Amino acid sequence: MNKVFADLPVTIFETMSQLARDHDAINLGQGFPDDPGPEDIRRAAADAVLNGYNQYPSMMGIPELRQAIAAHYRHWHGLSVDPASEVMVTSGGTEALTSAILATVEPGDEVIVFQPFYDSYLPIIRQAGGVPRLVRLEPPHWRLAEDALRDAFTAKTKAVLFNNPLNPAAVVYARDELELLARFCQEFDAVAICDEVWEHVVFDGREHIPLITVPGMRDRTIKIGSAGKIFSLTGWKVGFVCAAPPLLRVTAKVHQFLTFTTPPNLQAAVACGLAKPDDYFFEMRRDLARRRDRLTRGLEDIGFPVLPSQGTYFLTVDLAPLGLNETDHAFCRRIVVDHKVAAIPVSAFYEKDAVTSVVRFCFAKKDATLDTALERLSDAVRRCGR
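These numbers were taken from a predicted model, which means no experiment stands behind them.

What counts and how
- Residues numbered from 1 in each chain as written.
- Predicted model: local features only at pLDDT ≥ 70, side-chain atom pairs only at ≥ 80, totals over all residues.
- Heavy atoms only, no water.
- Buried < 20%, exposed > 50% of the residue type's maximum accessible area, 1.4 Å probe, protein only.
- Helix = DSSP H or I, 4+ residues; strand = E, 2+ residues; numbered from the N terminus.
- Right-handed = clockwise from strand over helix to strand, strands pointing away.
- Pairing = 2+ DSSP bridges.
- Axes fitted to C-alpha atoms, helices over the stretch in contact; angles between N-to-C directions.
- Core = buried A, V, L, I, M, F, W, Y, C linked by side-chain atoms within 4.5 Å.
- Contact = heavy atoms within 4.5 Å.
- Salt bridge = Lys/Arg side-chain N within 4 Å of Asp/Glu carboxyl O.

Asker: Just to check I follow, could you spell out the pairing of strand 3 (residues 110-115) for this structure?
Answerer: Side chains on a regular strand alternate between the two faces of the sheet. Counting buried positions over the six residues of strand 3 gives six, a clear majority of the element. Residues of strand 3 alternate between two faces, with Glu110, Ile112 and Phe114 on one and Val111, Val113 and Gln115 on the opposite face, all of them buried. Running through helix 6 (residues 121-127), the crossover from strand 3 to the neighbouring parallel element strand 4 (residues 131-136) is right-handed. Bridge analysis of strand 3 against strand 5 (residues 157-163) gives four bridges, and the strand direction is parallel.

If you want it as structure tokens, here you go:
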């Protein structure tokens with residue numbers, strides 16, 4: 001069996017979700033909303049199934065969606081991409097990441113990866129024969145440091161895998177840090193594979209800045225987005241790839257032999273969604289920020305130290321100030337058993353030198369769900385010996 005995959009443990013998401021099912025717990029671990037998503041986009045998909053084309057679409061994505069992606073990024077980020085040669089549709093963000101990594105990385109190449117990271121990154125890098133070079137980020141700010149980058153980049157660096165906004169830390173990186181990373185990419189002639197699936201889920205007036213728009217990065221960045229995150233339709237698995245033609249051509253060849261294409265009815269509906277007026281996106285952010293604030297206030301009232309959440313569906317709690325005699329893993333197992341609420345230990349997003357005091361909660365839930373979870377956690381701090 002392939003040791004890259006055979007030796008992998010069960011993911012923390014499946015572990016905690018199974019514990020949530022076993023104990024009839026509220027699942028604030030996995031990142032999905034508990035509502036069905038925008039009705040108009042769902043109706044557009046249904047109409048496309050009944051009245052549209054349901055055979056193999058173009059491998060690169062239906063023209064309407066590729067044009068909508070280009071128009072969307074031009075409007076929101078001033079990014080000009082050619083829908084014919086610089087845009088591709090994939091079956092989700094993870095497939096887009098896999099295609100980009102396999103297109104870029106050869107045996108022996110080093111890939112910079114920032115911890116904490118999405119769990120698919122390292123197995124795919126290793127399947128390509130790449131060598132991950134891990135950069136450890138730390139709470140409360142999770143910032144990029146020039147000395148850490150200098151230690152990580154070498155003559156063997158082929159690519160950088162960069163998630164912004166960052167899950168699980170809920171950080172939206174500012175221009176100065178993007179420019180710092182861009183400088184290293186250019187100095188070491190590295191390709192940036194940018195996981196930007198949370199690009200619209202940013203709060204408090206913050207702006208997501210795609211790394212591809214930073215000077216010097218246009219021709220060395222593979223930008224990845226996800227309709228599932230933009231429209232809270234996580235099960236649809238419709239991803240986007242934008243890159244200069246030399247990068248996209250090879251990425252498309254990998255995509256051809258992974259999934260080949262994506263359901264055309266979902267593509268048609270996403271094209272409609274990307275053309276929605278700005279107010280839709282701003283209202284989505286306001287609604288999620290309101291839920292974030294509701295959970296933040298409730299957790300703080302209980303006594304949990306909540307770290308700032310600048311984007312994504314998540315907020316994190318740093319248990320260190322509570323002086324607990326348990327790790328984040330032990331804490332998460334205890335609250336799912338004793339308090340019937342599931343969360344995710346952030347140490348699961350590290351391979352080594354893990355931060356072991358931070359726990360992630362998902363706030364993309366209905367008010368009643370959040371309120372019930374808070375009621376169940378009401379004595380969690382007192383009972384852990386504070």
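Asker: Just to check I follow, could you spell out the sheet that holds strand 7 (residues 221-226) for this structure?
Answerer: Backbone hydrogen bonds hold the strands of a sheet together, and the pairing may be parallel or antiparallel. On the basis of which strands lie adjacent, the open sheet formed by seven strands has the order 2-8-7-6-5-3-4 and mixed pairing. Only two strands of the sheet have a single neighbouring strand rather than two, namely strand 2 (87-90) and strand 4. Strand-to-strand, the axes of this sheet are offset by a mean angle of 20°, without reference to chain direction. Relative to strand 4, strand 3 runs parallel, the two sharing six bridges. Note that in strand 4 the partner of Ile112 across the bridge is Arg133.

Asker: How should the nonpolar core be read in this particular structure?
Answerer: Soluble globular proteins tend to pack their nonpolar side chains together in the buried interior. Counting 74 residues, the largest nonpolar core has Leu161, Ile193, Ile222, Ile224, Leu299, Phe304 and Phe361 as its most contacted members. The element best represented in this core is helix 12 (residues 278-302), accounting for six residues. In contact with Ile222, not counting residues within four places along its chain, are Ala100, Thr104, Val191, Ala192, Ile193, Cys194, Val241, Cys242, Ala243, Leu247 and Thr251.

Asker: How should I be thinking about the pattern of salt bridges in this particular structure?
Answerer: Any two side chains of opposite charge can pair, given that their charged atoms come close. Going through the model one piece at a time under the given rule, you end up with 26 salt bridges. The salt bridge partner of Lys276 is Asp40, with a shortest N-O separation of 2.5 Å. One end of the pair, Lys276, is in the loop between helix 11 (264-274) and helix 12; the other, Asp40, is in helix 3 (residues 39-51), with 236 residues separating them in the sequence. For Glu351, the salt bridge identified is with Arg126, shortest N-O distance 2.8 Å.

The quantities given are spatial measurements derived from coordinates; they are silent on function.
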